[in-house]
Amino acid sequence: SVLAGAAGANVGVPEPLRVVATNAVFASLLLVLAYCTVSSVLGIEPNKLPLISERVSNTMPTIDMFDDEGRFIPPDMREEEDKKKKDD
């Protein structure tokens, strides 16, 4: 099992502990999937997951990341452009 492999090849993990750990991971994944599905169906962005939501928001492209011609603008260049617009 994966849990036994993570613990080390020579260390035996008791069967009840493996079952509980495996079930906990599976249940957690099902809950996350259900939350995301229901939120999406209701038209709500599923962004309330700790540790995951902030990283996804930071990596997903948005319309603000592109110029008028559809070219990607890196974050440091966007900040410079924003400063220029504020100065004008």
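Everything below is about the structure shown above.
Residues numbered from 1 in each chain as written. Predicted model: local features only at pLDDT ≥ 70, side-chain atom pairs only at ≥ 80, totals over all residues. Heavy atoms only, no water.

Asker: Outline unusual backbone geometry, supporting the account with residue identities and numerical values.
Answerer: Its identity as a non-glycine residue notwithstanding, Leu51 has a phi of 70°, on the positive side. With respect to the helices and strands, Leu51 occurs in the loop between α2 (15–41) and α3 (53–59). (Helix = DSSP H or I, 4+ residues; strand = E, 2+ residues; numbered from the N terminus.)

Asker: So what's going on with the layout of surface pockets? Which residues, and what values?
Answerer: Estimates place the volume of the largest pocket at around 180 Å³. Lining the largest pocket are Cys36, Glu45, Pro46, Asn47, Leu49, Ile52, Ser53, Val56, Ser57, Met60 and Thr62. Ranked by residue count, the leading element in the lining of the largest pocket is α3, at three residues. The class makeup of the residues in the lining of the largest pocket is six nonpolar, four polar and one charged. (1 Å grid on protein atoms, 1.4 Å probe; cavity = no way out; pocket = protein on both sides within 12 Å on 5 of 7 lines; lining within 4 Å. Points joined across faces, edges and corners; volume = space filled by probe spheres on them. Nonpolar A, V, L, I, M, F, W, Y, C, P; charged D, E, K, R; others polar.)

Asker: Mind laying out the packing of aromatic side chains, listing which residues take part and the relevant values?
Answerer: Here the structure, examined in full by the defined rule, presents one aromatic pair. When the centroid spacing of 5.9 Å and the interplanar angle of 70° are considered together, the rings of Phe66 and Phe72 count as edge-to-face. (Phe/Tyr/Trp six-rings, centres within 6.5 Å; stacked < 30°, edge-to-face > 60°.)

Asker: Give me the environment of Lys48: which residues, what numbers.
Answerer: Its place among the elements puts Lys48 in the loop between α2 and α3. Among the residues examined, Lys48 registers a relative accessible area of 63% and is labelled exposed. Separated by 12 residues in the primary sequence, Lys48 and Cys36 have C-alpha atoms spaced 9.5 Å apart. Once residues within four sequence positions are removed from consideration, Lys48 is found in contact with Tyr35 and Ser53. (Buried < 20%, exposed > 50% of the residue type's maximum accessible area, 1.4 Å probe, protein only. Contact = heavy atoms within 4.5 Å.)

Asker: Tell me about the side chain of Ser53, and name the residues and values.
Answerer: Checked against the element boundaries, Ser53 lands in helix α3. The buried category is assigned to Ser53, whose relative accessible area is 10%. Polar side-chain contacts of Ser53 include one of 3.4 Å to the backbone nitrogen of Lys48. Not counting chain neighbours up to four residues away, the residues in contact with Ser53 comprise Pro46, Asn47 and Lys48. (Polar contact = N/O pair within 3.5 Å; in protein donor to acceptor, adjacent residues only side chain to side chain.)

Asker: Would you mind going over α2 in detail, with residue names and values included?
Answerer: When the terminal C-alpha atoms of α2 are compared, their 39 Å separation across 27 residues agrees well with the 39 Å that a helix rising 1.5 Å per residue should span. One or two steps after α2, the chain reaches Gly43, where phi turns positive at roughly 80°. (Expected span 1.5 Å × (residues − 1).)

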